[in-house]
Amino acid sequence: MNLGFIGEVKDYAKMRQGVGMLLAELMRIKAEGDYQAAQALITKYGIHFSTVWRDQVIARYKTLDLPTYWVGINPELDLKNDASGKPMDVEISYPRDIVKQQLRYSEIAGE
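Residues numbered from 1 in each chain as written. Predicted model: local features only at pLDDT ≥ 70, side-chain atom pairs only at ≥ 80, totals over all residues. Heavy atoms only, no water.

Asker: Help me understand the overall build of the chain, please; the structure alone is not making it clear to me.
Answerer: Regarding its fold elements, the chain presents 4 helices and 2 strands. Seen in sequence order, the chain has helices and strands lined up from the N terminus as α-α-α-β-β-α. Since a compact globule built from 111 residues should have a radius of gyration of about 13 Å, the 23 Å found for the chain marks it as more spread out than a globular shape. Referenced to the eigenvectors of the C-alpha coordinate spread, the extents of the chain come out at roughly 65 × 40 × 30 Å. (Helix = DSSP H or I, 4+ residues; strand = E, 2+ residues; numbered from the N terminus. Rg over C-alpha atoms; globule rule 2.2 N^0.38 Å.)

Asker: Is there a simple way to explain the side chain of Gln101 in this structure?
Answerer: One can find Gln101 in helix 4 (residues 98-109). Excluding anything up to four places from it in sequence, Gln101 contacts Gly72, Ile73 and Asn74. (Contact = heavy atoms within 4.5 Å.)

Asker: Is there a simple way to explain the packing of helix 1 (residues 12-32) against helix 2 (residues 35-47) in this structure?
Answerer: Two numbers describe how helix 1 lies on helix 2: the axes approach to 9 Å, and their chain directions differ by 140 degrees. Viewed along their axes, helix 1 and helix 2 adopt a mutual orientation that is oblique. The residues of helix 2 that touch helix 1, namely those facing Leu22, Glu25, Leu26, Arg28 and Ile29, are Ala37, Ala38 and Leu41. The residue inventory of the contact of helix 1 with helix 2, partitioned by class, reads 6 nonpolar, no polar and 2 charged. (Axes fitted to C-alpha atoms, helices over the stretch in contact; angles between N-to-C directions. Parallel < 35°, antiparallel > 145°, perpendicular 65-115°, else oblique. Nonpolar A, V, L, I, M, F, W, Y, C, P; charged D, E, K, R; others polar.)

Asker: Hey, could you run me through the pattern of salt bridges in this one?
Answerer: A side chain of one charge can pair with a side chain of the opposite charge if their charged atoms are brought near each other. The final tally for this structure, using the stated rule, is 6 salt bridges. In this structure, Asp78 engages Lys80 in a salt bridge whose closest nitrogen and oxygen atoms are separated by 2.8 Å. The class of Asp78 is partly exposed, set by a relative accessible area of 35%. For Glu91, the salt bridge is made with Lys80, and the minimal N-O distance between the two is 4.0 Å. Of the two residues, Glu91 is situated in strand 2 (residues 87-93) and Lys80 in strand 1 (residues 76-81); the sequence distance between them amounts to 11 residues. (Salt bridge = Lys/Arg side-chain N within 4 Å of Asp/Glu carboxyl O. Buried < 20%, exposed > 50% of the residue type's maximum accessible area, 1.4 Å probe, protein only.)

Structural data, given as structure tokens:
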């Protein structure tokens, strides 16, 4: 499987075909538990890579002015009931504390 040069896409149909082939191979590896194929794929495309391509990706990313690390904090929804217990409103808050959020999710999941 040849992934070719990472750069300007000149043939989207060919690109989709290549991505489809790679996805199919990943799904086969996962379904069959083919350790040797997974190891070969990672060795070929994950360990040995072009530093020129990496540097191009980094340079392009820097022009986007995006943070290098980002964690999404989900809003917390608190149901408000009236005196009879009937739902009447939902209060939305943004705790901005990833640790508390993850601990809450662990508690909900029973872990």
